[in-house]
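Report on the structure
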Amino acid sequence: MFLSSAFVCTCVFYLVNGADVVGYYWRDFDGSIPEDAFPGGVDFNNRPIYIGQVYANFLIPAKIYYNNDTAYYEYGGKEFGVKDNIKILCTKHPDQFTWIATDNDHIKKITDAYLVKGGYEPGCTTYVGRVRSDGEVLVGKALADNLPVHAGLHVTKNGKGTRHTSFEVLSFQHKPS
């Protein structure tokens, strides 16, 4: 009995501490912003916009506004808002994130940094990206490895989706403590 209890305690210790090895995690979003949520942008009022992730047939990066229980994402050139099946990007190490300026042609050539994957869509790698637009810094999905007509950063604003060919992509550099 003691041996099995010790094994369980050891496994729990490694699992809890192991979560910190990666440095960031996707937490269920219940409508309130957790203290460890990582902001990726800012709105008109200089309030943070957080990085979300939704499941809507695919796993898609989204934006979550401060004091709003809806996650907004782009698909097919349109903005969609959901209140269920949402995750929010969290970390205990925000200093280990860096935004890298890139574009459609160069994102695939970034090999010296770990780019944060924000989801999955068939035929492409989906990263977390952001762009400055009309007084806001908007977060969204950066698509790579697909047809040039779809490549780029897809963000939403006022019910519409827009694609940008120059943007920033989120990277993470784990620094052991």
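Heads up: these notes are all about the structure in this document.

Locating Thr102 in the fold gives a position in strand S8 (residues 97-103). Residue Thr102 is classed as buried on the basis of its relative accessible area, which comes to 10%. A polar contact of 3.1 Å, which involves the side chain of Thr102, links it to the backbone nitrogen of Ile107. Excluding residues that lie within four positions of it along the chain, Thr102 makes contacts with Ile107, Ile110, Thr165, Ser166, Phe167 and Val169.

Before going further, it helps to examine a nonpolar patch on the surface. Side chains of Tyr55, Leu59 and Tyr120 sit close together on the surface and give an oily, nonpolar patch of about 330 Å² of accessible area. Within the fold, Leu59 resides in strand S4 (residues 58-65). The partly exposed category is assigned to Leu59, whose relative accessible area is 33%.

Moving on to the pairing of strand S5 (residues 71-75). Strand direction decides the pairing type here: S4 and S5, joined by two bridges, are antiparallel. Bridging across to S5, Lys63 finds its partner in Tyr72. In this antiparallel pair of consecutive strands, S4 and S5, the connection spans five residues, and Asn67 shows a positive phi of 65 degrees.

The next subject is the pattern of salt bridges. Per the stated rule, a full pass over the model turns up nine salt bridges. In this structure, the salt-bridge partner of Asp36 is Arg27, at a minimum N-O distance of 2.7 Å. Across the salt bridge formed by Glu74 and Lys141, the nearest N and O atoms sit 3.3 Å from each other. One end of the pair, Glu74, is in strand S5; the other, Lys141, is in strand S12 (residues 136-144), with 67 residues separating them in the sequence.

As a volume, the largest pocket reaches approximately 160 Å³. In terms of lining residues, the largest pocket is bounded by 13 residues, among which Tyr75, Glu121, Lys141, Leu143 and His150 are the most central. Where the lining of the largest pocket is concerned, the elements lending two or more residues are S5 and S12. Per-class residue counts for the lining of the largest pocket are five nonpolar, four polar and four charged.

The next subject is empty space enclosed by the protein. Under the defined criterion, the tally for this structure stands at one cavity of 30 Å³ or more. In this model, the largest cavity occupies a volume close to 50 Å³. Taken together, 13 residues make up the lining of the largest cavity; nearest its centre are Tyr72, Tyr73, Glu74, Gly140 and His154. Looking at the lining of the largest cavity element by element, the count peaks at four residues for S4. Its residues assigned to classes, the lining of the largest cavity comprises seven nonpolar, three polar and three charged.

Cut-off values and rules
Residues numbered from 1 in each chain as written. Predicted model: local features only at pLDDT ≥ 70, side-chain atom pairs only at ≥ 80, totals over all residues. Heavy atoms only, no water. Helix = DSSP H or I, 4+ residues; strand = E, 2+ residues; numbered from the N terminus. Buried < 20%, exposed > 50% of the residue type's maximum accessible area, 1.4 Å probe, protein only. Polar contact = N/O pair within 3.5 Å; in protein donor to acceptor, adjacent residues only side chain to side chain. Contact = heavy atoms within 4.5 Å. Patch = residues over 30% accessible without salt bridge, like charges linked within 9 Å, V, L, I, M, F, W, Y side chains within 5 Å. Areas by Shrake-Rupley, 256 points an atom, 1.4 Å probe, with all protein chains shown as cover. Salt bridge = Lys/Arg side-chain N within 4 Å of Asp/Glu carboxyl O. Pairing = 2+ DSSP bridges. 1 Å grid on protein atoms, 1.4 Å probe; cavity = no way out; pocket = protein on both sides within 12 Å on 5 of 7 lines; lining within 4 Å. Points joined across faces, edges and corners; volume = space filled by probe spheres on them. Nonpolar A, V, L, I, M, F, W, Y, C, P; charged D, E, K, R; others polar.

Keep in mind that these numbers describe shape and distance, not what the molecule does.
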